[in-house]
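# Tertiary structure, described
This is what each chain is made of:
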Amino acid sequence: MGVQQQKSAAGLASPVITRRVADTKARVCAVAAQKFNEESYAAVSVDQIVALAGIARSSFYRFFHDKDDLLRQIIDPVFELAVQELDKIAVDQPESIVNGIADSYLQVWSQRRDGLILSMKIGSTLFPLVQQSHDRYVAAILSLMDQLQQARMLRHDDARMAARLLALTTVPILQVCERHPQFRNVFRSTLRGLLLKSVSGDVDLTNENGLLIAGIKIQVARAEVVRKSKRQSRAQ
């Protein structure tokens with residue numbers, strides 16, 4: 001084969017190889033995120049991850065510097081995708097902001113479910129790994145909450161509290177609502193009820209959806225107890 005033919009063959013193979021590498025890396029991130037959620041970040045070793053992903057240990061270190069780098073490459077795309085989706089929301093129409101936020105979460109949930117759940121479990125020790133992407137996400141959410149506060153639509157008239165409430169409860173809400181046959185509509189309506197002053201057609205938190213919110217609060221409280229217990233165990 002001549003030099004020109006070899007170059008042509010290499011050029012044809014390159015996209016295939018690139019795609020294969022990307023798919024393998026994505027598979028490693030997916031199995032690691034699932035395993036971290038099932039157990040914990042500290043409890044899962046690189047050897048377990050490569051075994052589950054079906055790759056050699058040497059291949060892992062071609063993709064990632066170490067396990068911390070793997071975690072960062074799982075979580076950063078979650079926040080980056082969320083910011084991309086939030087940026088699409090029309091801020092000149094306050095009444096559509098919460099639905100836009102709900103739709104952004106639904107998009108992230110459909111594409112990076114395990115990564116989104118894992119993002120809720122990052123402790124203070126590991127947080128610096130993802131702080132930059134997290135802070136961009138928080139800034140985007142706060143900007144939208146400010147718009148709702150200016151429009152006097154927030155339930156408690158406090159943009160920062162609304163953003164904090166959203167950060168702490170949205171993943172548990174998704175986990176509860178995904179079992180419902182009208183998952184997307186129930187999730188949107190629940191977020192509106194959580195964040196906005198009551199208007200016609202929205203969730204009434206004092207009735208049946210109060211049970212949903214109460215269940216979510218219990219899940220959040222239990223998760224906090226588990227996190228504290230794990231921190232105490234590690235300290236001992």
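Our subject in this report is the structure included herewith. These figures come from a predicted structure and were not determined experimentally.

Each helix and strand counted, the protein chain has 9 helices and 0 strands in total. Walking the protein chain from its N terminus toward its C terminus, one meets helices and strands in the order α-α-α-α-α-α-α-α-α. Buried positions account for 41% of the 236 residues belonging to the protein chain. By sequence separation, contacts in the protein chain at least 24 residues apart represent 65% of the contacts at least 6 residues apart. For the protein chain, the accessible area works out to roughly 13600 Å², and carbon and sulfur atoms hold 52% of it.

Counting residues in hydrophobic clusters, the biggest one holds 64 residues, and the most contacted among them are F36, L70, I101, M145 and F187. For this core, the elements supplying multiple residues, two or more each, are α1 (3-38), α2 (46-53), α3 (57-63), α4 (67-86), α5 (97-119), α6 (131-150), α7 (159-177) and α8 (183-195). Among the elements that take part in this core, α5 stands out by supplying 11 residues, more than any other. Filtering out sequence-adjacent residues up to four positions away, L70 remains in contact with V28, C29, A32, F36, I49, F60 and F64.

Looking now at the packing of α4 against α5. Axis separation between α4 and α5 bottoms out at 9 Å; the angle between their running directions is 175°. One element, α4, and the other, α5, form an angle in the roughly antiparallel class. Contacts from L71, I74, I75, P77, V78, F79, L81, A82, E85 and L86 of α4 reach α5 at I101, S104, Q107, V108, Q111, R112, G115, L116, L118 and S119. Tallied by class, the residues present in the contact of α4 with α5 amount to 13 nonpolar, 5 polar and 2 charged.

Procedures and definitions
Residues numbered from 1 in each chain as written. Predicted model: local features only at pLDDT ≥ 70, side-chain atom pairs only at ≥ 80, totals over all residues. Heavy atoms only, no water. Helix = DSSP H or I, 4+ residues; strand = E, 2+ residues; numbered from the N terminus. Buried < 20%, exposed > 50% of the residue type's maximum accessible area, 1.4 Å probe, protein only. Contact = heavy atoms within 4.5 Å. Areas by Shrake-Rupley, 256 points an atom, 1.4 Å probe, with all protein chains shown as cover. Core = buried A, V, L, I, M, F, W, Y, C linked by side-chain atoms within 4.5 Å. Axes fitted to C-alpha atoms, helices over the stretch in contact; angles between N-to-C directions. Parallel < 35°, antiparallel > 145°, perpendicular 65-115°, else oblique. Nonpolar A, V, L, I, M, F, W, Y, C, P; charged D, E, K, R; others polar.

Everything listed here is a matter of geometry and, on its own, says nothing about what the molecule does.
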